[in-house]
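Per-entry structural report
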Amino acid sequence: MNEIKALVFDLYGTLYDVHSVAARCETCYPGRGREISAMWRQKQIEYTWLRSLMNDYCDFEKATEDALVYTCRYLKLELEASTQQLLCNEYLQLAPFPEVPAALRRMRTSGLPLAILSNGSRRSIHEVVSSSGLEAEFAHLISVDDVRVFKPHPSVYQLAERTLRLARAQILFVSSNAWDAAGARHYGYPVCWVNRASNCFEELGQQPDLVVDGIDTLARHLNDLQTSQS
Ligand code: LAC
């Protein structure tokens, strides 16, 4: 942890709240919003894993759309084309978690380059980050589009190392998705797991180096680390 020269963040669920789409789901399907958004997210992740195993890459928007279609069919809800488009668009305008903007600013002004490494397509990462006004905080927005496979495939984690031109031991990888944190740790990054909901970690033979309850706690931790080194 003492050698950290850059921070690389996961996007969905780590910096941005994917369940902010629940409100929109609720307006389309009253009483079912949370159920739809939870299953939609789970299916979206499953489809990225399955596509990777099948060696049949599609971009994240397509996986997201397919997951919504499946979810509505499973729950026996009619999905009109206009609703499909409305809900999928919501994924391009996710809200950051409340503590994120100030915590990112604090970390960036302390001199550490910040980047995002996400399963999102170039377009979706760019749209989410710019619609929340946080673009200036990041030195790099890195998409799996460049390798056409999804996390936790090692070639995705390698993208950050290459882009930042740093050794993996110098990059702190930050994710609230425990499976992603395990994948990054297996690749060789020091890892911070953002555990907002007091969940248990995955049983994948890896453990995070640091566990925090929010990005603001990570910013404080890094500040303390820098102060103790100076
Ligand atoms: C991402 C997903 C894994 O942003 O949350 O890559």
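See above for the structure.
Criteria and thresholds
Residues numbered from 1 in each chain as written. Predicted model: local features only at pLDDT ≥ 70, side-chain atom pairs only at ≥ 80, totals over all residues. Heavy atoms only, no water. Buried < 20%, exposed > 50% of the residue type's maximum accessible area, 1.4 Å probe, protein only. Helix = DSSP H or I, 4+ residues; strand = E, 2+ residues; numbered from the N terminus. Pairing = 2+ DSSP bridges. Contact = heavy atoms within 4.5 Å. Right-handed = clockwise from strand over helix to strand, strands pointing away. Axes fitted to C-alpha atoms, helices over the stretch in contact; angles between N-to-C directions. Core = buried A, V, L, I, M, F, W, Y, C linked by side-chain atoms within 4.5 Å. Domains from an automatic or database assignment.

Covered by surrounding structure in strand β1 (residues 6–9) are A6 and V8 together with L7 and F9, the residues of both alternating faces. Note: β1 against strand β4 (residues 114–118), three bridges, orientation parallel. Considered in β4, the bridge of L7 is made with L114.

Across the ten residues that make up helix α8 (residues 178–187), a large majority, eight, are buried. Burial in α8 covers these residues: A178, W179, D180, A181, A182, G183, A184 and Y187. Elements that come into contact with the buried residues of α8 comprise α2 (33–54), α7 (154–164), β6 (171–175) and β7 (191–194).

A large share of β6 lies buried, amounting to five of its five residues. What you see with β6 is no split at all: I171, F173 and S175 on one side and L172 and V174 on the other are buried throughout. Bridge count for β1 against β6 is four bridges, and the pairing is parallel. For F9, the partnering residue across the bridge sits in β6 and is V174. As paired strands, β6 and β7 are joined by three bridges and run parallel to one another. Each residue of the ladder has a partner; that of F173, found in β7, is V191. Read from β6 through α8 to β7, the crossover connection turns out right-handed.

Attention shifts here to the sheet that holds β7. Hydrogen bonds between backbone groups are what pair the strands of a sheet, and the pairing can be parallel or antiparallel. Taken together, the six strands give an open sheet; going across it, the order is β5-β4-β1-β6-β7-β8, and neighbouring strands pair in parallel fashion. Where the open sheet ends on each side, the last strands, each with one partner, are β5 (140–143) and β8 (210–212). Here the strands of the sheet are splayed against their neighbours by 25° on average, with no regard to which way each runs. Docked against the sheet, α8 engages β6 and β7, running at close to 175° with respect to β7.

On to the nonpolar core. F9, M107 and L218 are the most contacted members of the largest nonpolar core, which has 76 residues in total. For this core, the domains that each give at least three residues are domain 1 (6–16 + 94–229) and domain 2 (19–90).

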